[in-house]
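Summary of the model geometry
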Amino acid sequence: MSKTHEQRIQDELVFQAQEAAKDMAALRRTPDVLVKQYREAKNWRSNRVECLIRFLTLNKPTFICDFGCGSGEMATRLGRMGYKVEGYDVSPDVIKVARKRAELDGVSDKVSFVVADGASDSLPKGKFDAVLAMSVLHHLPLEEGLRTLNDLLVPGGRIAFQEPVAYSRLLQWLRDRTPVDKEVSPDERQLAWHEIVRIGEVFEIEQIRHYILFHRFWRLLPRSMDKIFDPWATKLDSLLLMIPGMKQFAGAVVILARKRE
Ligand SMILES: C[S@@+](CC[C@H](N)C(=O)[O-])C[C@H]1O[C@@H](n2cnc3c(N)ncnc32)[C@H](O)[C@@H]1O
């Protein structure tokens, strides 16, 4: 029998409480070099977080919502870049870490956080001219998630998504059998192509870019080798993804879309 939304939330809260404890123990002020990297976003073609920030800030938003903000890394970085941000997350434990991070980064006046279930009808309406939805839609029932995201925006407001995808059944099968710690919460999934099409029915998609091909195999190597291989793997992937037909093997998508008027 499949779980109810309430059961999924309970499991998510247990998982996120463990993640929050790890994040709190490792919490440091965001290094200036990282803020500079994201402000410039020079490598947005190969680095999907830079792409997301570039897309999100293209139209110089005045008030950004970080939906499913987790421990507030992105919200705080955006705050350090000068943006006003409000983060929402269902887990009170990660929100505690996010508030502490904002304090450490000296942006508590610009960046605030609220505990809320993104699949409920409790979030504000028409409050933001930009919404960041980074790795969160795949945790939610799609229709409820899209409705909330649409409601948060003013008409014409921009939304930037980043989600894991599995368009190919073979890849999904391989992923389920790969013996690495995927650090994922119990009920998350990868989005299928028909769900991307659905995003395009609700929002007007302006740009879309895919990431991760060989990069997923680098996860089989020890973490200590990340620094050496990561830059090569991301660059190689961005070149290969230019080849027609390769997108169906991608592992992540970044989308810039607009709320329909
Ligand atoms: C993979 S994490 C992504 C966090 C952050 N956006 C990032 O990319 O670092 C997914 C986040 O979604 C949150 N989440 C899951 N279900 C949610 C819901 N129903 N409403 C709001 N947030 C939810 C989780 O608590 C978690 O912090």
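Everything below is about the structure shown above.
Report follows, based on the coordinates. Along every chain, residues carry numbers that run from 1 in the direction the sequence is written. In keeping with the predicted nature of the model, local features appear solely for residues at pLDDT of at least 70, side-chain atom pairs appear and are counted solely at 80 or more, and the whole-chain, interface and lining totals rest on all residues.

To continue, consider the site of the ligand. Being near a molecule or strand means, for a residue, that its backbone-placed C-beta atom lies within 6 Å of it. Inspection of the region around the ligand gives 18 residues, with Gly 68, Gly 70, Val 90, Gly 118 and His 139 positioned closest. The residue classification treats Ala, Val, Leu, Ile, Met, Phe, Trp, Tyr, Cys and Pro as nonpolar and Asp, Glu, Lys and Arg as charged. All others, Gly included, are polar. The residue makeup of the shell around the ligand, split by class, is seven nonpolar, seven polar and four charged.

The biggest cluster of nonpolar side chains holds 58 residues, and the ones touching the most others in it are Ile 64, Phe 67, Val 131, Leu 132, Ala 133 and Ile 159. What counts as a contact here is a pair of residues whose C-beta atoms, placed from the backbone, lie within 7 Å. Ignoring sequence-local partners within four residues, the contact set of Leu 132 consists of Leu 56, Ile 64, Cys 65, Asp 66, Phe 67, Met 74 and Ala 160. A set of buried residues qualifies as a nonpolar core if it consists of Ala, Val, Leu, Ile, Met, Phe, Trp, Tyr and Cys joined through C-beta atoms within 7 Å. Counting other C-beta atoms within 10 Å of a residue's C-beta gives its exposure: the residue is buried at 20 or more, exposed at 12 or fewer, and partly exposed in between, where C-beta atoms are placed from the backbone.

Structurally, the α-helix is built with 3.6 residues per turn, so residues lying three or four positions apart point the same way. Here helix 10 (residues 226-240) contains 15 residues, and its C-alpha end-to-end distance of 20 Å stays within 8% of the 21 Å for a straight helix at 1.5 Å per residue. In this description a helix means any DSSP run of H or I spanning at least four residues, a strand means any run of E spanning at least two, and both kinds are numbered starting from the N terminus. For helix 10, every residue scored as buried is listed here: Ala 233, Thr 234, Asp 237 and Ser 238. Considered in projection along helix 10, the buried side chains sweep an arc of 125° and stay on one side of the axis. Facing away from the buried surface of helix 10 by more than 90 degrees, the exposed residues are Ile 228, Trp 232 and Leu 239. The span you would expect from a helix comes to 1.5 Å times its residue count less one. To obtain the arc, one takes the directions from the helix axis to the C-beta atoms.

The phi dihedral of Ser 135 is positive, around 55°, even though this residue is not glycine. Within the secondary structure layout, Ser 135 lies in the loop between strand 4 (128-134) and helix 6 (142-152). The class of Ser 135 is partly exposed, set by 17 C-beta atoms lying within 10 Å. Look at Ile 212: it is not a glycine, yet its phi comes out positive at around 70°. Along the polypeptide, Ile 212 turns up in the loop between strand 6 (203-211) and helix 9 (215-218). Exposure remark for Ile 212: the 20 C-beta atoms within 10 Å place this residue in the buried category.

Here a strand pair is declared whenever DSSP counts at least two bridges between the two strands. With five bridges connecting them, strand 2 (residues 84-89) and strand 3 (residues 111-115) associate as parallel partners. Bridging across to strand 3, Gly 87 finds its partner in Phe 113. The crossover handedness rule: strands pointing away from the viewer, path from first strand over the helix to second strand clockwise, crossover right-handed. A crossover links strand 2 with its parallel partner strand 3, the connecting element being helix 5 (residues 92-104), and its sense is right-handed.

With that out of the way, let us pick up the sheet that holds strand 3. Strand pairs in the sheet, formed through backbone hydrogen bonds, run parallel or antiparallel to each other. Pairing within the open sheet is mixed, and its seven strands lie in the order 3-2-1-4-5-7-6. The sheet is open, and its two edges are formed by strand 3 and strand 6, each paired on a single side. Sheet twist, expressed as the mean angle between neighbouring strand axes with direction ignored, is 15°. Where strand 5 (residues 153-164) and strand 7 (residues 252-259) come together, seven bridges link them in antiparallel fashion. Of the residues in strand 7, the one forming a bridge with Gln 162 is Val 254. Here the axes come from fitting lines to C-alpha atoms, over the contacting stretch only for helices, and the angles between their N-to-C directions go from 0 to 180 degrees.

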